[in-house]
Amino acid sequence: MRPQVITIAGTDSGGGAGIQADLKTFEERNVFGMSVVVAVTAQNTKGVQGVYPMPLEAITRQMESLADDFTVSAVKTGMLVDAQRIEIVVHAIRRYDWHPLVVDPVMVAKGGAYLVAPEAIETLSRKLLPLADLITPNTPEAEVLSGLVIHSDSDRELAAKQIIKRGAKAVLLKGGHDEANPERARDCFVTKKRTVWLEADRIHTPHTHGTGCTLSSLITAEWAKGNDLETSVRTAKELLTRAIAQAPEIGHGHGPVAHWLLREDDGKNE
Ligand SMILES: Nc1ncnc2c1ncn2[C@@H]1O[C@H](COP(=O)(O)OP(=O)(O)OP(=O)(O)O)[C@@H](O)[C@H]1O
Ligand SMILES: Cc1ncc(COP(=O)(O)O)c(N)n1
């Protein structure tokens, strides 16, 4: 049976990030994608023009509908908007025992718009983080979640370990924002047992809208198919690098990555 996976996040009308990126990614990786819309955003490659949180009841009902019918193999979360919405998502994840759980602790969009209220970060850190089988912060998010300032590789590793101390089972600390390394895009993957550095060429392109969403969806899909976490993370990084390298010129700002290059050939498309 095809693995069934859920994204709990915000939409991106521009199609490059959020739930749209997640569902495109799931489809390309041959898992059946479902969604819980926490907020609708009016958004394009130039920025976020509006955020419209869904009513709490609508979020709860979507999760009930999915729990009532599907065999869920993995779940990811993205933009969760505020403390109240984080709380009801946490409640459902506990109630339905949705694991493995990949938490992309989305805080601020590339253009600077807040995707979660700053006062909700405490709730995210205290209640959602401890449920995460993997959490995928970028550098600024890792600083907030660990309470540490990050300059060096050893800071990165230390911050990831601190996030594990706070309850996450594994951390992928993404280096897309690491301006100090102009040639390589390096991510630090830390579990209780080991630290692994994942490296790829840094691609010189403005078209990186939705890279974090796409990476966490790739990992969720690969994990749902029964691969182990480290293999899932490695595969995801390789695929994403290719999709960034061939990012199309779509829109007038930070364009999306080439989701169609993530396709897994299962022999059925020929
Ligand atoms: N220019 C680039 N070239 C190659 N890889 C990149 C580039 N920018 C980001 N990445 C990789 O993309 C993934 C996402 O990293 P990034 O730090 O951009 O996440 P993010 O900020 O959460 O993304 P988003 O902007 O979607 O929220 C990481 O694996 C990172 O190394
Ligand atoms: C709904 C939604 N979720 C997540 C992101 C983060 O992606 P990025 O930082 O690439 O804009 C986004 N822009 N919109």
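Below, the structure is looked at part by part.

Here is what the cut-offs are and how they apply
- Residues numbered from 1 in each chain as written.
- Chains lettered and ligands numbered in written order.
- Predicted model: local features only at pLDDT ≥ 70, side-chain atom pairs only at ≥ 80, totals over all residues.
- Heavy atoms only, no water.
- Near = heavy atom within 4 Å.
- Polar contact = N/O pair within 3.5 Å; in protein donor to acceptor, adjacent residues only side chain to side chain.
- Areas by Shrake-Rupley, 256 points an atom, 1.4 Å probe, with all protein chains shown as cover.
- Nonpolar A, V, L, I, M, F, W, Y, C, P; charged D, E, K, R; others polar.
- Helix = DSSP H or I, 4+ residues; strand = E, 2+ residues; numbered from the N terminus.
- Phe/Tyr/Trp six-rings, centres within 6.5 Å; stacked < 30°, edge-to-face > 60°.
- Buried < 20%, exposed > 50% of the residue type's maximum accessible area, 1.4 Å probe, protein only.
- Lys NZ or Arg CZ within 6 Å of the ring centre and 35° of its normal.
- Salt bridge = Lys/Arg side-chain N within 4 Å of Asp/Glu carboxyl O.

Attention now goes to the site of ligand 2. Near ligand 2 lie 13 residues; those nearest to it are T11, Q43, K110, H209 and G210. Residue Q43 places a side-chain N or O atom 2.7 Å away from a nitrogen atom belonging to ligand 2. Take G210: an N or O atom from its main chain is 2.6 Å from an oxygen atom of ligand 2. Bound to the protein, ligand 2 loses 92% of the 350 Å² it would expose on its own. Looking at the shell around ligand 2 residue by residue, the class counts come to six nonpolar, six polar and one charged.

Taken together, 18 residues lie around ligand 1, and K110, K174, H177, D187 and G212 are the ones closest in. T211 is positioned with one of its backbone polar atoms (N or O) 3.2 Å from an oxygen atom of ligand 1. Backbone polar atom of G212 to an oxygen atom of ligand 1: 2.8 Å apart, as the coordinates give it. Calculation on ligand 1 without its partners gives an accessible area of 610 Å², and the protein chains cover 93% of this total. Those elements giving two or more residues to the shell around ligand 1 turn out to be β8 (184–191), α7 (211–224) and α8 (229–245).

Let us now look at the packing of aromatic side chains. Centre distance and the angle of the planes are the two values used to describe a pair of aromatic rings. In total, this model carries two aromatic pairs according to the counting rule given. Consider the rings of Y96 and W98, whose centres lie 5.1 Å apart with planes at 45°: the pair is tilted. Assessed through its relative accessible area of 22%, Y96 is described here as partly exposed. Of note, R186 hangs over the ring of W197, and the distance from its end group to the ring centre comes to 4.4 Å.

Once that is clear, we can look at the pattern of salt bridges. Under the criterion given, the structure shown has 22 salt bridges. When the shortest N-O distance is used, the salt bridge between D133 and K169 registers 3.7 Å. Residue D133 is located in the loop between α4 (121–128) and β6 (134–135), and its partner K169 is located in the loop between α6 (153–165) and β7 (170–173); the two are separated by 36 residues in the primary sequence. Residue D133 is classed as buried on the basis of its relative accessible area, which comes to 12%. Looking at K169, the relative accessible area reads 43%, which means it is partly exposed.

Residue P100 follows H99 across a cis peptide bond; omega there is -5°. Its location among the elements puts P100 in the loop between α3 (83–96) and β5 (101–103). With a phi angle near 75°, V81 is a residue other than glycine that sits in the positive phi range. Looking at the element boundaries, V81 is found in the loop between β4 (72–77) and α3. A positive phi angle, close to 55°, is found at D97, a residue other than glycine.

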